[in-house]
Amino acid sequence: MTFADAAPALPETSLQRRERLRREGLRRGHVPSKAELAAQERERREEGLSTAKKSSSKGLAMMAKMGFKPGSALGRGGGGGGAAGARSEPLRIEVKEDRGGIGADAERKRRMQEAAGAAGLAKRARVEELGDYRERMARERAAARREGQVAAAQKIAERMDEEAGEKERDRRMRYDLEQGSGGLAAKLPTYDDDDGSMDADDRIALGRTEKKKTVYMPADDLDEEDPELDEFNGLDGDEKLERILKYLRGKYRYCFWCKCAYPDEEMEGCPGLTEEDHD
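Residues numbered from 1 in each chain as written. Predicted model: local features only at pLDDT ≥ 70, side-chain atom pairs only at ≥ 80, totals over all residues. Heavy atoms only, no water.

Trainee: Is there a simple way to think about the overall build of the protein in this case?
Mentor: Looking only at helices and strands, one finds 9 helices and 2 strands in the protein. Looking at the protein as a whole, 12% of its 279 residues qualify as buried. Put simply, 33% of the contacts in the protein that link residues at least 6 apart link residues at least 24 apart. Carbon and sulfur atoms make up 54% of the accessible area of the protein, which totals about 24400 Å². (Helix = DSSP H or I, 4+ residues; strand = E, 2+ residues; numbered from the N terminus. Buried < 20%, exposed > 50% of the residue type's maximum accessible area, 1.4 Å probe, protein only. Contact = heavy atoms within 4.5 Å. Areas by Shrake-Rupley, 256 points an atom, 1.4 Å probe, with all protein chains shown as cover.)

Listed below in structure tokens is the structure:
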């Protein structure tokens, strides 16, 4: 069995010796600051508290003669010579490093907790206020959108009513012309009434009625209350829109969401009355 010889240590050169001496001189001449001294003191204190007493100390020898065993509590009773539940380790030392009085730490901690609680309540209030603001803005946007839909549906209903009225007037005019062209009035001789000698009965017999005059209503009569209109204006946006859509579907078979009129009353192909049905 052979062993490899350890490599011989190289001799220290003059440059290495000079650098070593310089570092040692700096270390010996260094004056520790207050923070460094305090840190060294804490390290020595922690080391002393964490190290058990040496068996060679006189104090431990005297306590051993009185029945003390290392790791047990002091006093009578107990399995190790100490009272049950007694302290087996020395009290920890806490060095006070500030200038506050007794109880100042507890008061400072209480104030910090109160400040943190107040900050938490304020933050929660801001979050709740922001949530309420967002909900309110969402409701306002939804209400404005619904009012726009109501206005659009009203315009469509008014336009369809006007178109239906014009068609009815045209139908009546054609009917009157057809009746007038084939009736008795077309076969009777015409009479001129330039001098105004024809009485009212003759004019009626000849189909000549007096020209109707435009009658203007007083302003007070135009401001009469309309209970049906007042009841409609008192509804919210959803109920207004629902009534108008039902009116369009029932009278004109028109779907506001499909934007078209259907040929039959069943309105086959229309998903439904509401906007959700058309999604």
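More follows now that the structure is in view.
Trainee: Help me out: how do you make sense of the pattern of salt bridges in this one?
Mentor: A side chain of one charge can pair with a side chain of the opposite charge when the charged atoms of the two come close. What the rule picks out here adds up to 16 salt bridges. R28 serves as the salt-bridge partner of E24, at 3.9 Å between the closest nitrogen and oxygen. Of this pair, E24 and R28 both sit in helix α1 (residues 14-29), 4 residues apart, which is roughly one turn of the helix. Owing to a relative accessible area of 23%, E24 belongs among the partly exposed residues under this scheme. (Salt bridge = Lys/Arg side-chain N within 4 Å of Asp/Glu carboxyl O.)

Trainee: Looking at this structure, I do not really get a negative patch on the surface. What am I missing?
Mentor: A surface patch of like charges, here negative, comprises E128, E129, D132 and E135. When you line up the elements, E129 lands in helix α4 (residues 104-181). Judged by its relative accessible area of 57%, E129 falls in the exposed class. (Patch = residues over 30% accessible without salt bridge, like charges linked within 9 Å, V, L, I, M, F, W, Y side chains within 5 Å. Lys, Arg positive; Asp, Glu negative; His and termini not counted. Charge placed at Lys NZ, Arg CZ, Asp CG, Glu CD.)

Trainee: Help me understand unusual backbone geometry in this model?
Mentor: Most of the time, phi is negative for any residue but glycine, and the peptide bond is trans. Positive phi, normally seen in glycine, also occurs at K259, with a value near 60°. For K259, the location among the structural elements is in the loop between β1 (254-255) and β2 (260-261). A positive phi angle, near 50°, is found at M267, a position not held by glycine. Topologically, M267 is positioned in the segment after β2.

Trainee: I'm lost on helix α9 (residues 237-252) in this one. Help?
Mentor: Residues lying three or four places apart along an α-helix face the same way, a consequence of the helix completing one turn every 3.6 residues. Compared with an ideal rise of 1.5 Å per residue, which puts 16 residues at 22 Å, α9 spans 22 Å between its outermost C-alpha atoms and is within 8% of the ideal. Considered for burial, the residues of α9 that qualify are G237, K240, L241, I244, L245, L248 and Y252. Take α9 and look down its axis: the buried residues cluster within an arc of 125°, on one side only. (Expected span 1.5 Å × (residues − 1). Arc of directions from axis to C-beta.)

Trainee: Is there a simple way to think about the packing of aromatic side chains in this case?
Mentor: Two descriptors summarise a pair of aromatic rings, namely the distance from one centre to the other and the angle between the planes of the rings. Under the counting rule described, the total for this entry stands at 2 aromatic pairs. Aromatic pair Y247 and Y252: ring centres 6.1 Å apart, planes at 85°, arrangement edge-to-face. For Y247, a relative accessible area of 34% puts it in the partly exposed group. Taking relative accessible area as the criterion, Y252 reaches 16% and is therefore assigned buried. Note on F256 and W257: the rings are 5.0 Å apart at their centroids and 75° apart in plane angle, and the pair reads as edge-to-face. Neither F256 nor W257 differs from the other in exposure class; each is buried. (Phe/Tyr/Trp six-rings, centres within 6.5 Å; stacked < 30°, edge-to-face > 60°.)

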